[in-house]
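Single-letter residue listing:
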Amino acid sequence: MGTDTSSRRRSLPFVGLLAVIVIYLAVIFLAHTVATSSLDGLDYGRFPDVNTIVRASVIPVGLSIVFCVAIIKVLGWWGPVLRHDPPVQRWVLLIPAALLGAVVAGTDYGTLSDKGTAFTMWLLVSSLLIGLGEELVFRGIAVAALRLNGRRETTVALWTSVLFGVAHAVNWFIDGGGNVLQIVTTMFMGWFLYLTRRATRGLLVPVLVHGREALQAINGLFDATWRLARLIGPVMA
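Residues numbered from 1 in each chain as written. Predicted model: local features only at pLDDT ≥ 70, side-chain atom pairs only at ≥ 80, totals over all residues. Heavy atoms only, no water.

Draft legend 1. Representation of the overall build of the protein within the structure. Regarding its fold elements, the protein presents 11 helices and 0 strands. Ordered by position from N to C terminus, the α and β elements of the protein give α-α-α-α-α-α-α-α-α-α-α. Taking all 237 residues of the protein together, 51% fall into the buried category. Within the protein, residue pairs in contact and separated by at least 24 positions form 78% of the contacts whose partners lie at least 6 positions apart. (Helix = DSSP H or I, 4+ residues; strand = E, 2+ residues; numbered from the N terminus. Buried < 20%, exposed > 50% of the residue type's maximum accessible area, 1.4 Å probe, protein only. Contact = heavy atoms within 4.5 Å.)

Here it is, written out as structure tokens:
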């Protein structure tokens, strides 16, 4: 990922940002539909084997990441996407710490170990790809677009969180499990991930936190709070 300069950066208006998000979602939805067309009885968010993980998650999410990388490269935005965060007060570091602590403590490691090494590895790959893809779009491209258009940080935080939540309405079309509460809760999760980016001055920690949330949402690995995981960590959007 090469360095970029202001003279090489292209502009992206808000309408263009919306178009990028819509295309990103379309890539995932279409790739998911094609890749899983021969799988019978597929239950969204439940992966019984490695083949299902690869076809239902790794392939569609991987293609969406390729799309994101292409957009960032064309715009010349590697710097604004990956870093360039204004400093924040030290207490904000408690947010990513709390998020990581919650997901580490809440994961059902017994169920995960019973699945075997290959399954666990592919599940981890899938989760990290989900975190990387969504963070590139919402805490990467969206944050950079709003900042480069002169928006204040409160506006950047608000809009990226709203877009993050609304984008998860795609779940209504995939598994019929979406609801208004899920969208609102996901907006708050988007705000926390934005603060995580600000606190850590980059995308790496948000990707890891998001990936862990996705891991919880997949296959119900969040013990008794599976329903909460479904609200705050949808598998794809």
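Draft legend 2. Focus on helix α7 (residues 153–167). Compared with an ideal rise of 1.5 Å per residue, which puts 15 residues at 21 Å, α7 spans 21 Å between its outermost C-alpha atoms and is within 8% of the ideal. When we look at burial in α7, the residues that qualify are Val156, Ala157, Thr160, Ser161, Leu163, Phe164, Gly165 and Ala167. (Expected span 1.5 Å × (residues − 1).)

Draft legend 3. Spotlight on a nonpolar patch on the surface. Residues Leu158, Val180, Val184, Phe188, Trp191 and Phe192 make up a contiguous nonpolar surface patch of about 570 Å² in total accessible area. With 5 residues, the top contributor of residues to the nonpolar patch is helix α9 (residues 180–200). Structurally, Phe188 can be placed in helix α9. Phe188 sits in the exposed class, given a relative accessible area of 54%. (Patch = residues over 30% accessible without salt bridge, like charges linked within 9 Å, V, L, I, M, F, W, Y side chains within 5 Å. Areas by Shrake-Rupley, 256 points an atom, 1.4 Å probe, with all protein chains shown as cover. Salt bridge = Lys/Arg side-chain N within 4 Å of Asp/Glu carboxyl O.)

Draft legend 4. How the structure looks around the confidence of the model for the protein. Across the protein, pLDDT averages 81, with 79% of residues at or above 70. Predicted confidence is poor over residues 221–237, with pLDDT under 50, and the contacts of this stretch with residues over four places away or in other chains come to 68 contacts. (pLDDT = per-residue confidence, 0-100.)

Draft legend 5. Looking closely at the nonpolar core. The biggest cluster of nonpolar side chains holds 43 residues, and the ones touching the most others in it are Leu12, Leu17, Tyr24, Trp77, Phe138 and Ile141. Within the residue set of this core, elements represented by two or more residues are α1 (14–35), α2 (50–75), α3 (78–82), α4 (94–106), α6 (117–148), α7, α9 and α10 (204–217). Looking at which element gives the most residues to this core, the answer is α6, with 10 residues. In this structure, Phe47, Ala56, Val58 and Phe119 belong to the second largest nonpolar core, which totals 7 residues. (Core = buried A, V, L, I, M, F, W, Y, C linked by side-chain atoms within 4.5 Å.)

Draft legend 6. Fine view of the packing of aromatic side chains. Evaluated as defined, the whole model comprises 3 aromatic pairs. Pairing Tyr24 with Phe138 gives two aromatic rings, centres 6.5 Å apart and planes at 85 degrees, and the pair type is edge-to-face. Here Tyr24 is found in helix α1, whereas its partner Phe138 is found in helix α6, with 114 residues between them in sequence. By relative accessible area, Phe138 is classed as buried at 0%. Seen from the ring of Phe164, Arg139 lies directly overhead, with NZ or CZ sitting 4.3 Å from the centre. (Phe/Tyr/Trp six-rings, centres within 6.5 Å; stacked < 30°, edge-to-face > 60°. Lys NZ or Arg CZ within 6 Å of the ring centre and 35° of its normal.)

Draft legend 7. Inspection of the environment of Leu215 at higher detail. Structurally, the position occupied by Leu215 is in helix α10. Exposure remark for Leu215: the relative accessible area of 1% places this residue in the buried category. Residues Leu215 and Leu123 lie 92 residues apart in sequence; the distance between their C-alpha atoms is 7.2 Å.

Draft legend 8. Local environment of the packing of α6 against α7. Between α6 and α7, whose axes approach to 9 Å, the crossing angle comes to 145 degrees. Note that α6 runs across α7; the crossing there is right-handed. Touching Glu134, Phe138, Arg139, Ala142, Val143, Leu146 and Arg147 of α6 are Glu153, Val156, Trp159, Thr160, Leu163, Phe164 and Ala167, all from α7. Broken down by class, the residue content of the contact of α6 with α7 amounts to 9 nonpolar, 1 polar and 4 charged. (Axes fitted to C-alpha atoms, helices over the stretch in contact; angles between N-to-C directions. Left-handed = near helix turned anticlockwise from the far one by under 90°. Nonpolar A, V, L, I, M, F, W, Y, C, P; charged D, E, K, R; others polar.)

Draft legend 9. Region of interest: the pattern of salt bridges. On inspection of all chains with the given rule, the structure shows 3 salt bridges. One salt bridge in this structure joins Arg147 and Glu153, with 2.8 Å as the shortest N-O distance. Each of Arg147, Glu153 and Arg198 takes part in one network of salt bridges that share partners.

Draft legend 10. Spatial organisation of the side chain of Thr160. Locating Thr160 in the fold gives a position in helix α7. Reaching out from Thr160, the side chain makes a polar contact with the backbone oxygen of Ala157 at a distance of 3.2 Å. Excluding residues within four positions of it along the chain, Thr160 makes contact with Phe138, Arg139, Ala142, Val143 and Leu146. (Polar contact = N/O pair within 3.5 Å; in protein donor to acceptor, adjacent residues only side chain to side chain.)

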